[in-house]
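Okay, here's what each chain looks like letter by letter:
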Amino acid sequence: MREVAVATPVPVWTPPMPEAPGFDHQLVETPGLHTHLATIGDGEPVVLLHGFPQHWWQWRAVAPVIAAAGYRVLCSDLRGAGWTVADDPRVERETRLRDVLDLLDVLGVDRFHLVSHDLGAVTAMQLTYEHPDRVRAAVQLSVPPGFMTISPRTIPGFRHLPSFIWHRPGASMRYIFSERYVARPLPEDVIEAHLAPMELPEIDGAVRTTTRGIAVPEGMRMLAGVYRRRRLTVPTLFVFGRSDRYWNESIMRRVCRHPERYADRAEFAHVDGAAHYITDDAPAAVADLALDWFERAA
């Protein structure tokens, strides 16, 4: 284990951090990274990896429910998001994977449950395949398994990538919370809270770097069938909103036939009244599914 230090909580966050009762906040120092970590609860650890363009606050209505069931919930801002600061802006395919492992090592977290969404699910997938001994059970939200079959039907699910790859500095990301991706309109203050860190040039610049460094290379690996030639040994629940335009129940049945060929234990769940941003559309359902899966997977 590397020798790193956990910093004391910081009194002021720039830009101001959105409120969420019950969370403790601190900066954790690891080589080249100053990670903002929000925690809540005590007990067996649960790691939550946020999606894009979100941050720890994505879990504001999910983490407290999991914590109330007797878990210690860890919500970090991944490199290029939220209030985490990186010394080097470059991002490669497994950069965030190494970041998460360094963070958990310094926190003394050996094994944990894992819940992830969107781009955070890419890092979670890497964790389950490369370090299965550390993950007790995984819940993956709104992102199909790495072993899915790529076909013309799946192309619309990647239609957002070009706008991220060629993101213009300073351009608003509000469009990502449009009706294409949510089951019902989000309040203006919620959208503003999700996008608050984007006013920082380094976070805005990470739209391109994380897309090009992580999303695109992993997408190419899925296209090449890398994960169809590997075995997923971590019990994993894949959860989708029934109102998701691109990864709905019908599509998943077509692209994930015979999951038993690729995974020891993989199940699928579909949530009514939810689309891609499922933690905003249906946080209670997400928390309940995660807690049930933790218990059943054990």
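The following paragraphs examine the structure supplied in this document. (Residues numbered from 1 in each chain as written. Predicted model: local features only at pLDDT ≥ 70, side-chain atom pairs only at ≥ 80, totals over all residues. Heavy atoms only, no water.)

1. As for the packing of aromatic side chains
Applying the stated criterion to the full structure yields nine aromatic pairs. On the basis of an interplanar angle of 65° and a centroid distance of 5.6 Å, the ring pair of Tyr71 and Phe294 is categorised as edge-to-face. Here Tyr71 is found in strand E4 (residues 71-76), whereas its partner Phe294 is found in helix H9 (residues 283-297), with 223 residues between them in sequence. Residues Tyr71 and Phe294 agree in their burial class; the two are buried. Centre to centre, the rings of Tyr181 and Tyr246 are 5.9 Å apart; their planes meet at 40°, and the pair counts as tilted. On the criterion of sequence distance, the pair formed by Tyr181 in the loop between helix H4 (161-165) and helix H5 (188-195) and Tyr246 in the loop between strand E8 (236-241) and helix H7 (249-255) is long-range, its members being 65 residues apart. Judged by its relative accessible area of 10%, Tyr181 is buried. Taking relative accessible area as the criterion, Tyr246 reaches 11% and is therefore assigned buried. Within the aromatic cluster, the residues linked to one another by ring pairs are Phe147, Phe238, Tyr262 and Phe268. Here Arg60 stacks its cationic end above the ring of Trp57, 3.8 Å away from the centre of that ring. The side chain of Arg212 reaches across the aromatic face of Trp166, ending 4.8 Å from its centre. (Phe/Tyr/Trp six-rings, centres within 6.5 Å; stacked < 30°, edge-to-face > 60°. Helix = DSSP H or I, 4+ residues; strand = E, 2+ residues; numbered from the N terminus. Buried < 20%, exposed > 50% of the residue type's maximum accessible area, 1.4 Å probe, protein only. Lys NZ or Arg CZ within 6 Å of the ring centre and 35° of its normal.)

2. Focus on the nonpolar core
Core analysis: the largest hydrophobic core is formed by 101 residues, its most contacted members being Ile66 and Phe294. Phe294 has contacts with Val46, Ile66, Tyr71, His113, Val115, Ala137 and Val139, leaving out every residue within four places of it along the chain. (Core = buried A, V, L, I, M, F, W, Y, C linked by side-chain atoms within 4.5 Å. Contact = heavy atoms within 4.5 Å.)

3. Some thoughts on the packing of helix H3 (residues 119-130) against helix H6 (residues 201-223)
For any two helices packed against each other, the geometry comes down to the angle between their axes and how far apart the axes lie. Following both chains from N to C, one finds H3 and H6 inclined at 55°, their axes separated by 10 Å at the closest point. When the interaxial angle is binned, H3 and H6 end up oblique. Both H3 and H6 take part in a crossing whose hand is left-handed. The segment H3 lies against H6, with Leu119, Val122, Met125 and Gln126 engaging Thr210, Ile214, Ala215 and Glu218. (Axes fitted to C-alpha atoms, helices over the stretch in contact; angles between N-to-C directions. Parallel < 35°, antiparallel > 145°, perpendicular 65-115°, else oblique. Left-handed = near helix turned anticlockwise from the far one by under 90°.)

4. Overview of the packing of helix H2 (residues 95-107) against H3
Interhelical geometry of H2 versus H3 gives an angle of 70° and a closest axis separation of 9 Å. Classed by the angle they form, the pair H2 and H3 counts as roughly perpendicular. Packed against H2, whose contacting residues are Arg96, Leu97, Val100 and Leu101, the element H3 presents Leu119, Thr123, Gln126 and Leu127 at the interface. Class assignment of the residues belonging to the contact of H2 with H3 gives a composition of five nonpolar, two polar and one charged. (Nonpolar A, V, L, I, M, F, W, Y, C, P; charged D, E, K, R; others polar.)

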